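Close look at the chain arrangement
Chain residues, written in single-letter form:
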Amino acid sequence: MSPLAFDFMQRALLSALLVGLVAPAVGVFLVQRRMALMGDGIGHIALTGVALGFLLGTAPVLTAVVVATIGAVVIELVRQQGRTGGDVALALMFYGGIAGGVLLIGLAPGGTNANLLAYLFGSLTAVSPTDVVVISALSGVLLLTLAVVGRQLFAVCHDEEYAKVAGLPVRFLNILLAVMAAVTVTVAMRVVGLLLVSALMVVPVATAQQLVRGFRATVVVALGTGVLASVAGVLGSYYADTAPGALIVVVALGGFGVATLLGTLVRRRRTASEPSPAGDRRPTEAIPR
Amino acid sequence: MSLQPPVLELQGVAVAYDGRTAVSGVDLQVDAGEVVAVLGANGSGKSTVIRALLGLLPLAAGEVRLFGTPLAQFRDRTRVGYVPQRGGASTGVPATVREVVATGRLALTGLRRARAADREAVERAMLSVGLQDRAGDSVATLSGGQQQRVLIARALTCDPDLLVLDEPTAGVDLASQQALAATLSALVVRGTTVILVAHELGPLHPLITRAVTMADGRVLHDGPPPEPDHLHLHDPEHAHPLHDGPGHAGPASAPSAWGLQ
């Protein structure tokens, strides 16, 4: 029977499509500023938010958005202060997020760690009609925001000091990016799962980098591979009866492997056909040590 | 007598890192059309002064004015072009030359979409540094001198009245230094005010109208540029075969310098 015959699969596929678009679209800026693991840290914090939802008897998605956003802003503020390394701030979030989630779910009436599993690794049947509405709305807001401030975010992530001199609102844009990363994580958690969402923000970008040069081209290819991996992973998990998050990431990693091979071949062929111009030193040769 | 305020004024500027004073008591006035070199050995405070006048470092004391306006109130950022030390040109996701140069136009465009005039300004800036043929290439694949040119082109997209360059010749081969001199020469002819930090001037020397030498966070000398024979500031960290010595070659014409005929 076709998976599209089931309402839950229609919802899962639509969600996967949106998540496949949004996750790399935001993730490319995190990779650009060399904070690829930030999505992972936020995912851990969001787990505390999910557990808080169970404890308070409210929608876990709502509390996850709030807690993840607060955590992401704290990470960004710590990074801006520069007193604690960005990696240390992330580590604190990893430990605190997991510990908070397990602790709070234990305190929730009737709560067990099993309640968290669907949020940790994603679930085909977990995407409710309300979730689809929330995912669609938040994805729309994220994509619209990126369409408006994408060039500014690129400038800030590329060269923060230059952006300051150019008069861009650097602090606001950095916090906006942190908030967008938090919303992306919570949007994606129903399909991919909190522990694997970061992979969908990073792996398609890494895949695109093997094939194209330039930021805009990387974004386009990353969005395409993100959608392909998400939809293929959800469909595959229907037939294999597995958690979709794991299969989405495995498909994405497979794509990365293929792209790496292709990219290597293309670069070798290009190098063989293009002699390097005379007197044109490569950066490493031109920088004194 | 000109009624125009100085392009740049620093009065009693002091900057501290974690309570340790890096520069103090710096007074400096730069008028329109001047080409000022800030010289000094490593740790003398020359880059700190430059970063402070751009608002990248907070002042512990003193005041900075750009075009007569206190720095905190200065909004017309298109009038200032900044070329940082090379290194910011490469990040986690490689960008093309055109993409990086286009970010220079954001000071003017803000949130609005780029128009034809903006795209033309970007193309013009790339042409002015001879990189129009590399517009679609990743910056990470360029040589050190070419990367420096990308940063210069980015600073030129808004036709700034003041161009600030931090160590533009560091780690750049002699041919690229000559090409940089040619570009700056063309800007100076148009009336652009230039302030640059340098460890050694090399081919830039003929352009410099004034030199400010710093030592231990203070201005040691402010006046005509020293003769080339006295210019080299010995520092093992900057000694490298690719650096030209204290002697200089005059700036070549821009087209030939960038390899264009």
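Keep in mind the model is a prediction, meaning the values are calculated, not measured.

**Here we look at the layout of surface pockets**
Volume-wise, the largest pocket comes out at about 880 Å³. In terms of lining residues, the largest pocket is bounded by 30 residues, among which Gly150(A), Arg151(A), Arg216(A), Glu99(B) and Arg113(B) are the most central. Top element by residues in the lining of the largest pocket is helix α6 (residues 129-158) of chain A. It accounts for 6 residues. Of the residues that constitute the lining of the largest pocket, the class distribution is 16 nonpolar, 5 polar and 9 charged.

**Side note on the pairing of strand β3 (residues 35-40) of chain B**
Residues and elements named next belong to chain B. Across the 6 residues that make up β3, a large majority, 6, are buried. Residues Val35, Ala37 and Leu39 point to one face of β3 and Val36, Val38 and Gly40 to the other, with burial holding for every one of them. As paired elements, β3 and strand β9 (residues 210-215) share 5 bridges and run parallel to each other. Residue pairing in the sheet places Leu39 in a bridge with Thr213 of β9.

**Focus: the confidence of the model for chain B**
With 84% of its residues at a pLDDT of at least 70, chain B reaches an overall mean of 83. Overall, residues 233-261 of chain B carries pLDDT values under 50, and its contacts beyond four positions in sequence, including any with other chains, amount to 65 contacts.

**Observations concerning the pattern of salt bridges**
All names here are of chain B. Enumeration according to the criterion identifies 16 salt bridges over all chains in this entry. Linking Lys46 and Glu167 is a salt bridge whose minimum nitrogen-to-oxygen distance equals 3.7 Å. Here Glu167 lies in the loop between β7 (162-166) and α6 (174-189) and Lys46 lies in helix α1 (residues 46-53), a separation of 121 residues in the sequence. The residues Lys46 and Glu167 share a single accessibility class, namely buried. The closest approach of N and O atoms between Asp118 and Arg105, which form a salt bridge, is 2.9 Å. Placement of the pair is Asp118 in helix α4 (residues 116-128) and Arg105 in the loop between α2 (97-103) and α3 (106-109), with a sequence separation of 13 residues. An identical accessibility class is assigned to Asp118 and Arg105; each is buried.

**With respect to the sheet that holds strand β8 (residues 193-198) of chain B**
All names here are of chain B. An order of β6-β7-β8-β3-β9-β10 is seen for the 6 strands of this open sheet, with the pairing classed as mixed. Strand pairing shows two members of the sheet lacking a second neighbour, β6 (80-83) and β10 (218-223), which therefore form its edges. Averaged over all adjacent pairs, the angle separating strand axes in this sheet is 15 degrees, with direction ignored. As defined by bridge partners, β6 adjoins β7 across 4 bridges and the pair is classed as parallel. Paired with Val83 across the two strands is Leu165, which belongs to β7. Of the strands in this sheet, β3, β7 and β8 are in contact with α6, which crosses β7 at around 160 degrees.

**Quick word on the packing of helix α9 (residues 197-211) of chain A against helix α10 (residues 215-240) of chain A**
Residues and elements named next belong to chain A. Two elements in contact, α9 and α10, have axes separated by 8 Å at closest approach and are oriented at 125 degrees. Judged on the interaxial angle alone, α10 and α9 are oblique. Between α9 and α10 lies a crossing of right-handed hand. In contact with Leu200, Pro204, Val205, Thr207, Ala208, Gln209 and Leu211 of α9, α10 contributes Thr218, Val221, Ala222, Thr225, Gly226 and Ser230. A class-by-class count of the residues in the contact of α9 with α10 yields 7 nonpolar, 6 polar and no charged.

**Considering the nonpolar core**
Of all hydrophobic cores here, the largest spans 113 residues; its most connected members are Phe29(A), Met38(A), Val234(A), Leu163(B), Leu184(B) and Leu196(B). Considering each element in turn, this core owes the most residues, 14 residues, to helix α1 (residues 7-32) of chain A. Aside from chain neighbours lying at most four places away, what touches Leu196(B) is Val36(B), Ala37(B), Val38(B), Leu165(B), Leu184(B), Leu201(B), Leu204(B) and Ile208(B). With 34 residues, the next largest nonpolar core counts Val165(A), Val15(B), Val38(B) and Leu54(B) among its residues.

**Observations concerning empty space enclosed by the protein**
Applying the stated criterion across every chain, the model contains 3 cavities of 30 Å³ or more. Each pocket or cavity is described by its volume, and for the largest cavity that value is around 80 Å³. Lining the largest cavity are 15 residues; nearest its centre among them are Tyr162(A), Arg77(B), Val80(B), Gly81(B) and Gly104(B). Breaking the lining of the largest cavity down by element, the ones donating at least two residues are α7 (160-165) of chain A together with β6 and α5 (144-156) of chain B. In terms of residues, the lining of the largest cavity owes the most to one element, β6(B), which gives 3 residues. Counted by class, the lining of the largest cavity contains 9 nonpolar, 4 polar and 2 charged residues.

**Some remarks on the interface of chain A and chain B**
In this assembly, 38 residues from chain A lie in contact with 47 residues from chain B. Buried surface at the junction of chain A and chain B, summed over both partners, amounts to about 3,400 Å²; 54% is from carbon and sulfur atoms. Looking at the side of chain A facing chain B, the largest losses of area belong to His158(A), Tyr162(A) and Val165(A), adding up to 22% of the total buried there. Inspection of the region where chain A meets chain B yields 3 salt bridges. With a closest N to O distance of 2.9 Å, Asp159(A) and Arg154(B) form a salt bridge. Residue assignment for the side of chain A that touches chain B shows that the elements contributing at least two residues are α1, α6, α7, α9, α10 and α12 (283-286) of chain A. The leading source of residues in the side of chain A that touches chain B is α6(A), at 9 residues. For the side of chain A that touches chain B, the per-class residue count stands at 18 nonpolar, 7 polar and 13 charged.

Criteria and cut-off values
- Residues numbered from 1 in each chain as written.
- Chains lettered and ligands numbered in written order.
- Predicted model: local features only at pLDDT ≥ 70, side-chain atom pairs only at ≥ 80, totals over all residues.
- Heavy atoms only, no water.
- 1 Å grid on protein atoms, 1.4 Å probe; cavity = no way out; pocket = protein on both sides within 12 Å on 5 of 7 lines; lining within 4 Å.
- Points joined across faces, edges and corners; volume = space filled by probe spheres on them.
- Helix = DSSP H or I, 4+ residues; strand = E, 2+ residues; numbered from the N terminus.
- Nonpolar A, V, L, I, M, F, W, Y, C, P; charged D, E, K, R; others polar.
- Buried < 20%, exposed > 50% of the residue type's maximum accessible area, 1.4 Å probe, protein only.
- Pairing = 2+ DSSP bridges.
- pLDDT = per-residue confidence, 0-100.
- Contact = heavy atoms within 4.5 Å.
- Salt bridge = Lys/Arg side-chain N within 4 Å of Asp/Glu carboxyl O.
- Axes fitted to C-alpha atoms, helices over the stretch in contact; angles between N-to-C directions.
- Parallel < 35°, antiparallel > 145°, perpendicular 65-115°, else oblique.
- Left-handed = near helix turned anticlockwise from the far one by under 90°.
- Core = buried A, V, L, I, M, F, W, Y, C linked by side-chain atoms within 4.5 Å.
- Buried area = accessible area lost by both parts, 1.4 Å probe.

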